[in-house]
Amino acid sequence: MARVRTTMPVLFFFVVFFVIGSVSGILNPVDFLALQDVRKSLADFPGSTFFSTWDFTSDPCGFSGVFCVEDRVVALTLGDPAAGSPGLIGRLSSSIGKMSALTELSLVPGRVMGSIPSSIVMLSELRFLALSRNFFTGIIPPSISALRKLRTLDISFNQISGVIPPSFPSSITNLILAHNRIEGKLPYWSLSTATSLLRLDLKHNHLSGEIGPLPATLQYLSVSFNNFSGSMDRFVNQLSSLHYLDLSSNKFSGVIPSYVFSFPLTSLQLQRNKFTGMVRPLPSTPMSIHTVDLSYNRLFGSISPAFATVKNLYLNNNKFGGKVPGSFVEKLVENGMQVLYLQHNFLTGIRMSPMAAIPMSTELCLQYNCMIPPVQTPCPKKSGKTKTRPTTQCTAWRTTGGAGSDDDGGDD
Ligand SMILES: *[C@@H]1O[C@H](CO)[C@@H](O)[C@H](O)[C@H]1NC(C)=O
């Protein structure tokens, strides 16, 4: 009897394999064993039922999240991709590196921890790797450039530390490293071979230093909430395909080059840096940017009327002076401009009737300039209660044009 009991499962296994084998081909044994290891090191977080279909006595190609072509696993989506699923817990087994036909590997948001197995660089067919919103720690495998077909790398919202790898494969199009603890510089050579890069998202890390030339193919660039410094002209001047540019909350300095306003941007976020000088969009090309935020810098000079076509314009907390362009008032009344934040500058006037019909939904703030605001419009709370800047500051600004004044009121 004892002999029968031990052989039964083995026999059953064999029969199952034989039956499936005759229908769809037997899963490659290396993939089979690797998949078992992957399963063993992960579990459903309470509330998730993802692994309920994973019964290794049946064909793994029928498991949820497992996609095969012939006898190989080509794609693996670990966790229930439905919105709100609690995801998985555990670790990602280094056996993943043995599934050499994998082209796609993704993990739904959850609580998977440990490091990203360095064995993934063995997956020479991998095109898509998405491990975002888990608890991965450790570093990005430095030889990631071995993944010659990798197009998307998304490891955002983890706790990855260390530095940016020395190079990326030339196939990379989406590089999303946002919301981690990556530090050090962005060496220009690490992206110099990434000649297909469309999206680069490094926001919310601990990166610093200057940024060098970036691939001219870029359409989306966000480096906000880091410690980058230096001039933006160094890396932005070739990027004329940019649709989205966010350099906010860094330590960039120098001038904002005129040509960026001619890029096909929908959003330009340069706020909370140390940009200085005058802002002069090229008058030849009408600006089609939807949102421009230059607030909390050290910009001075008069405000260009070219900004009248922008829907949401934030110029507050700078050193702008002179009169508000008349075209702005027209656009406000027509509801073409929906946000106009000019508070905490040195502006001397706006030609506007106190009766001007500013639409209710418009956000207009003129507080703390060198004028008495002609209309009473609600300002954001932190612009304070003082309507007008002290006359002494206004006089000082007039003598220097804002360039020499260190009092910018810009950090309040
Ligand atoms: C930037 O640098 C400062 C000073 O070195 C540090 O205190 C701060 O945490 C850094 N910020 C980021 C986002 O790394």
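Residues numbered from 1 in each chain as written. Predicted model: local features only at pLDDT ≥ 70, side-chain atom pairs only at ≥ 80, totals over all residues. Heavy atoms only, no water.

- As recorded in an unreviewed UniProt entry, the protein chain goes by Leucine-rich repeat receptor-like kinase and comes from Zostera marina.

**Comments concerning the state of the cysteines**
Then, number 1: By the definition in use, this model includes 3 disulfides.
Then, number 2: Across the disulfide, Cys61 is cross-linked to Cys68 (sulfur-sulfur distance 2.0 Å). Residues Cys61 and Cys68 are joined by a disulfide whose S-S torsion is about -90°; by sign, that bridge is left-handed.
Then, number 3: Cys61 sits in the partly exposed class, given a relative accessible area of 22%. (Disulfide = S-S within 2.5 Å. Buried < 20%, exposed > 50% of the residue type's maximum accessible area, 1.4 Å probe, protein only.)

**Digging into the side chain of Asn318**
Then, number 1: Within the secondary structure layout, Asn318 lies in the loop between strand S22 (312-314) and strand S23 (319-324).
Then, number 2: Overall, Asn318 belongs to the buried group, its relative accessible area being 0%.
Then, number 3: A polar contact is formed between the side chain of Asn318 and the backbone nitrogen of Leu299, at a distance of 3.1 Å.
Then, number 4: Here Leu315 takes part through its backbone oxygen, which lies 3.1 Å from a polar atom of the side chain of Asn318. (Helix = DSSP H or I, 4+ residues; strand = E, 2+ residues; numbered from the N terminus. Polar contact = N/O pair within 3.5 Å; in protein donor to acceptor, adjacent residues only side chain to side chain.)

**Quick look at the pattern of salt bridges**
Then, number 1: Evaluation of the coordinates by the stated rule reveals 5 salt bridges.
Then, number 2: For Lys40, the salt bridge is made with Asp37, and the minimal N-O distance between the two is 3.6 Å. Residue Lys40 and its partner Asp37 are located together in helix H2 (residues 29-40), separated by 3 residues, close to a single helical turn.
Then, number 3: Classification of Lys40 by relative accessible area gives exposed; the value is 67%.
Then, number 4: Of the residues examined, Asp37 reaches a relative accessible area of 26% and is grouped as partly exposed.
Then, number 5: Glu210 is the partner of Arg234 in a salt bridge, and the nearest nitrogen-oxygen pair spans 3.1 Å. Of the two residues, Arg234 sits in helix H4 (residues 233-236) while Glu210 sits in strand S13 (residues 206-210), which places them 24 residues apart along the sequence.
Then, number 6: The class for Arg234 is partly exposed, based on a relative accessible area of 44%.
Then, number 7: Accessibility expressed as a relative area gives 39% for Glu210, which makes it partly exposed. (Salt bridge = Lys/Arg side-chain N within 4 Å of Asp/Glu carboxyl O.)

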